[in-house]
Structure formats: C-alpha cells, structure tokens
Amino acid sequence: MGPQLNIEISDAIATWTIDKPEVGNAITDIEFGEAFESAVDAANADLDVRAIILTGAGKIFSAGGNVKEMADRTGMFGVDEREQRRAYVAGIQRLPRALARLEVPIIAAVNGAAVGAGCDLAMMCDIRIASERASFAESFVQVGLIPGDGGTWFLPRAIGYERAAEMTFTGDRVDAATAADWGMVSRVVGHDALLEEARALAARITKNPPEALRMAKRLLQESRTSPMESVLGMAAAMQPLAHLSPEHAERVARWKTT
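Predicted model only: the values in this text are computed from it and were never measured.

Turning our eyes to something else, we now look at the environment of Ala235. Mapped onto the elements of the fold, Ala235 is located in helix α11 (residues 228-243). Taking C-alpha positions, Ala235 is 27 Å from Gly150, a pair spaced 85 residues apart along the chain.

Taken together, four strands build an open sheet; the order of strands is β4-β6-β8-β9 and the sheet is mixed. Looking at which strands have only one partner, the edges of the open sheet turn out to be β4 (60-62) and β9 (173-175). Neighbour to neighbour, the strand axes of the sheet diverge by 20° on average, direction disregarded. Pairing of β4 with strand β6 (residues 113-115) involves two bridges; the strand directions are parallel. Each bridged residue has a counterpart across the sheet, and for Ile60 the counterpart in β6 is Ala113. On top of the sheet, helix α5 (residues 117-124) reaches β4, β6 and β8 (135-137); it is set at about 100° to β6, its chief contact.

Counting residues in each nonpolar core, the largest one holds 46 residues, and the members touching the most others are Trp16, Phe36, Leu54 and Phe136. Setting aside residues up to four positions removed in sequence, Leu54 forms contacts with Leu5, Trp16, Ile18, Phe36, Phe61, Ile106, Ile107, Ala108, Ala109, Leu121 and Cys125. Membership of the second largest hydrophobic core comes to 13 residues, among which are Ala51, Leu201, Ala202 and Ile205.

Rules used throughout
- Residues numbered from 1 in each chain as written.
- Predicted model: local features only at pLDDT ≥ 70, side-chain atom pairs only at ≥ 80, totals over all residues.
- Heavy atoms only, no water.
- Helix = DSSP H or I, 4+ residues; strand = E, 2+ residues; numbered from the N terminus.
- Pairing = 2+ DSSP bridges.
- Axes fitted to C-alpha atoms, helices over the stretch in contact; angles between N-to-C directions.
- Contact = heavy atoms within 4.5 Å.
- Core = buried A, V, L, I, M, F, W, Y, C linked by side-chain atoms within 4.5 Å.
- Buried < 20%, exposed > 50% of the residue type's maximum accessible area, 1.4 Å probe, protein only.

Written as structure tokens, this is what we have:
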C-alpha cells in the first residue's frame with residue numbers, strides 16, 4: 001500500500017492529497033491519523049511552507065469512515081468498546097488535535113463528496129473551496145452513529161447551530177451551491193479549476209511573511225473559544241515580536257518609498 005497522504009511542496013505551498021480512493025479516502029484508521037499528524041509536525045517545522053491545500057484523490061474528498069469495515073466488524077470496528085474508544089482517540093481524533101496546533105493556514109479543496117468524518121475534516125480547515133461536484137453530509141445518524149471526531153464542535157462554528165443541527169439530525173446531503181449559501185465554503189468553482197483556484201488563493205497567502213501568518217492564525221484559533229481580554233492580551237504579546245521582525249521593517253520601508 002502506498003502513502004495514505006501524498007505531500008507535494010512547490011512555491012511555499014504544500015498540497016496534501018488523501019490517497020485512498022479504493023476505500024473512498026476513508027480517514028478513520030490509525031495509520032492515516034499517524035500520517036496526518038506527521039504532516040502537521042513537518043509543516044510546523046518548515047518555515048518555507050506558508051500555506052497548505054488539502055484535497056482527495058479521485059472523485060471523493062473523503063467518505064469519512066470505512067463502512068465496509070463497519071459492516072464486516074473488522075479493523076477498529078472489530079474490537080470491544082474499550083479498545084474501540086482507544087482506537088478513536090488514536091485514530092480519527094488525532095486529526096482535530098493535530099490541526100489545532102497546525103501553524104500554517106490550510107485550505108480544503110473539496111473535490112467531491114465529503115461525508116461524515118470527511119465533512120468534519122473539511123470543517124476543521126481554515127478556508128474551504130468547493131468543486132461544483134462537491135457535497136457535504138453529517139451522515140452519522142443514518143448509520144446509527146454520532147460524530148465521533150469533533151463534528152459537533154466544528155460544524156456549528158462553520159454554519160451556525162440551527163443549520164448544523166439540521167445536518168446532524170437528518171444526515172441529509174448539502175450540495176455545493178447550498179454550502180456556499182450557508183457559508184460552509186467561501187466559493188464554488190468549476191470542477192476542473194478547483195486546484196488552480198485553491199493554488200491562486202494559497203499564492204495570495206504565501207506573499208506574506210511566515211511568522212506574521214502563523215501568529216495571525218493562532219489568534220484566530222484562540223478567538224473561537226477565549227474571552228476577548230485573553231485574545232487582546234495575546235495580541236499585545238505577539239505584536240512586539242512582529243514589529244521587531246526583519247520582514248516588517250523591510251515592508252514598511254518599501255511602503256514608505258512608494
């Protein structure tokens with residue numbers, strides 16, 4: 001079996017491709033969690049990487065869980081409840097924890113269906129661009145399950161509680177146009193232009209200094225859950241570091257001469 005997450009880096013942009021089309025780009029196994037966590041750690045350590053694009057190989061972004069393994073009671077679904085709890089923590093739950101410490105802006109380029117944990121993975125990203133062929137479904141209840149990967153935390157923050165409740169309680173699919181209307185994605189583009197559009201957006205991000213990008217992302221993440229005073233204090237502590245950076249001095253000097 002080849003790598004579960006293919007990584008290519010070009011012009012300060014890392015493209016991560018979930019490469020498991022034979023199982024619908026399922027992401028619930030421990031091996032994928034390990035690969036994803038390693039990719040996050042590598043991106044954090046590489047200041048030359050200033051933006052990440054996450055997409056899926058083939059026609060599907062990610063089907064989330066491996067339904068065949070669920071039906072056959074194999075893999076992480078073939079163990080008792082205590083071991084399965086550990087499998088969730090060591091597998092799919094590694095993804096939100098890893099992304100919570102990812103310092104680099106990440107764009108989900110949703111190329112097809114994003115179902116269950118696949119939908120939630122897209123919601124964990126900073127920005128989402130959808131192909132016209134994309135769809136989203138918080139489909140756990142339709143197979144008698146619950147979002148075990150943090151979906152109930154991420155989805156309401158992306159589209160509001162009421163719409164998140166509708167998706168969670170029905171499991172119904174939302175097409176790309178509706179996703180854009182709901183603010184789930186920032187834009188819908190032609191399928192063949194998806195990666196080009198994602199790279200164009202990533203290129204606009206990568207024009208900015210890496211340290212400032214990483215600090216700005218941290219503030220945005222903290223603002224999801226922290227009181228305003230805490231975020232203001234954090235900003236006050238970070239801003240002097242930004243003021244003293246060579247990139248700031250260079251860009252202010254350039255602005256002064258224009």
